[in-house]
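If you want the building blocks of each chain, they are given just below.
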Amino acid sequence: AKEIQNGRLFRLLVKLCMIIERPQRDTPGADSWSETGDRYLLKLLMDYMFHQREEGDRPVIDFGSVVQCLNKLDVGVSEKIMLLSPDGLTLLVVSYADLKACCERSFNELLVAGNYTQVGGQMRGGGFVQP
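Residues numbered from 1 in each chain as written. Predicted model: local features only at pLDDT ≥ 70, side-chain atom pairs only at ≥ 80, totals over all residues. Heavy atoms only, no water.

### Points about the overall build of the chain
Stage number 1. The secondary structure content of the chain amounts to four helices and five strands.
Stage number 2. Ordered by position from N to C terminus, the α and β elements of the chain give α-α-α-β-β-α-β-β-β.
Stage number 3. Per-residue burial for the chain yields a buried fraction of 30% across its 131 residues.
Stage number 4. Counting contacts in the chain only where the partners sit at least 6 residues apart, residues at least 24 apart contribute 48% of the total. (Helix = DSSP H or I, 4+ residues; strand = E, 2+ residues; numbered from the N terminus. Buried < 20%, exposed > 50% of the residue type's maximum accessible area, 1.4 Å probe, protein only. Contact = heavy atoms within 4.5 Å.)

### Here we look at helix α1 (residues 2-19)
Stage number 1. In a regular helix each residue adds 1.5 Å, so 18 residues correspond to 26 Å; α1 covers 26 Å between its end C-alpha atoms and thus fits that length.
Stage number 2. For α1, the set of buried residues is Gly-7, Leu-9, Leu-12, Leu-16 and Ile-19.
Stage number 3. One or two residues past the end of α1 sits Glu-21, with phi positive at roughly 60°. (Expected span 1.5 Å × (residues − 1).)

### What about the pairing of strand β1 (residues 80-84)?
Stage number 1. Going residue by residue along β1, you find Ile-81 and Leu-83 tucked away on one face and Lys-80, Met-82 and Leu-84 left uncovered on the opposite face.
Stage number 2. In this sheet, strand β2 (residues 91-95) lies alongside β1 in antiparallel orientation, the contact comprising five bridges. Of the residues in β2, the one forming a bridge with Lys-80 is Ser-95.
Stage number 3. Linkage of β1 to β2, two consecutive antiparallel strands, is achieved through a turn of six residues, within which Gly-88 is found at a positive phi near 75°. (Pairing = 2+ DSSP bridges.)

### Structural notes on a nonpolar patch on the surface
Stage number 1. A surface patch of nonpolar side chains, amounting to about 420 Å² of accessible area, comprises Met-82, Leu-84, Leu-91 and Val-93.
Stage number 2. Mapped by element, the contributors of at least two residues to the nonpolar patch are β1 and β2.
Stage number 3. Within the element layout of this structure, Leu-91 appears in strand β2. (Patch = residues over 30% accessible without salt bridge, like charges linked within 9 Å, V, L, I, M, F, W, Y side chains within 5 Å. Areas by Shrake-Rupley, 256 points an atom, 1.4 Å probe, with all protein chains shown as cover. Salt bridge = Lys/Arg side-chain N within 4 Å of Asp/Glu carboxyl O.)

### A closer look at helix α2 (residues 37-50)
Stage number 1. The terminal C-alpha atoms of α2 lie 20 Å apart, and with 14 residues this matches the ideal 20 Å at 1.5 Å per residue to within 8%.
Stage number 2. Along α2, the residues that are buried comprise Arg-39, Tyr-40, Leu-41, Leu-42, Lys-43, Leu-44, Leu-45, Met-46 and Met-49.
Stage number 3. Contact partners of the buried residues in α2: α1, α3 (63-75), β1, β2 and α4 (96-113).

### A few points about unusual backbone geometry
Stage number 1. Even without being a glycine, Asp-57 presents a positive backbone phi close to 65°.
Stage number 2. By secondary structure assignment, the location of Asp-57 is in the loop between α2 and α3.

### A short note on the nonpolar core
Stage number 1. Leu-16 and Leu-99 are the most contacted members of the largest nonpolar core, which totals 26 residues.
Stage number 2. For this core, the secondary structure elements donating two or more residues are α1, α2, α3, β1 and α4.
Stage number 3. Not counting residues up to four positions away in its chain, the partners in contact with Leu-16 are Leu-42, Met-46, Met-49, Leu-70, Leu-73 and Cys-103. (Core = buried A, V, L, I, M, F, W, Y, C linked by side-chain atoms within 4.5 Å.)

Have a look at this one:
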């Protein structure tokens, strides 16, 4: 059961990494691809999970918190969290369910752009098959 959970979280983390910081080539605003819409929320979520700071600007290293966030995202719970922009000027309150929907939409955009399909948890297309 633990390996199944680890596999789910790994796939979710890989999807997030494929979405974040991936500009669409030859499009206006490619430099700010992850700074808009669903992708921006996911970028802030990644900052929330991996770049938290304590008082005195000390980095927080908490594996348990990261795993807990990924589990909540994977399930899409209704719990809300506050996401803060790096400049501290924007504060967004969003549920894990909303973030899960953002992740699914953004990942599906990548699948469509790459002419991939997802069948039974596997991606097919372009000569690539993911187990």
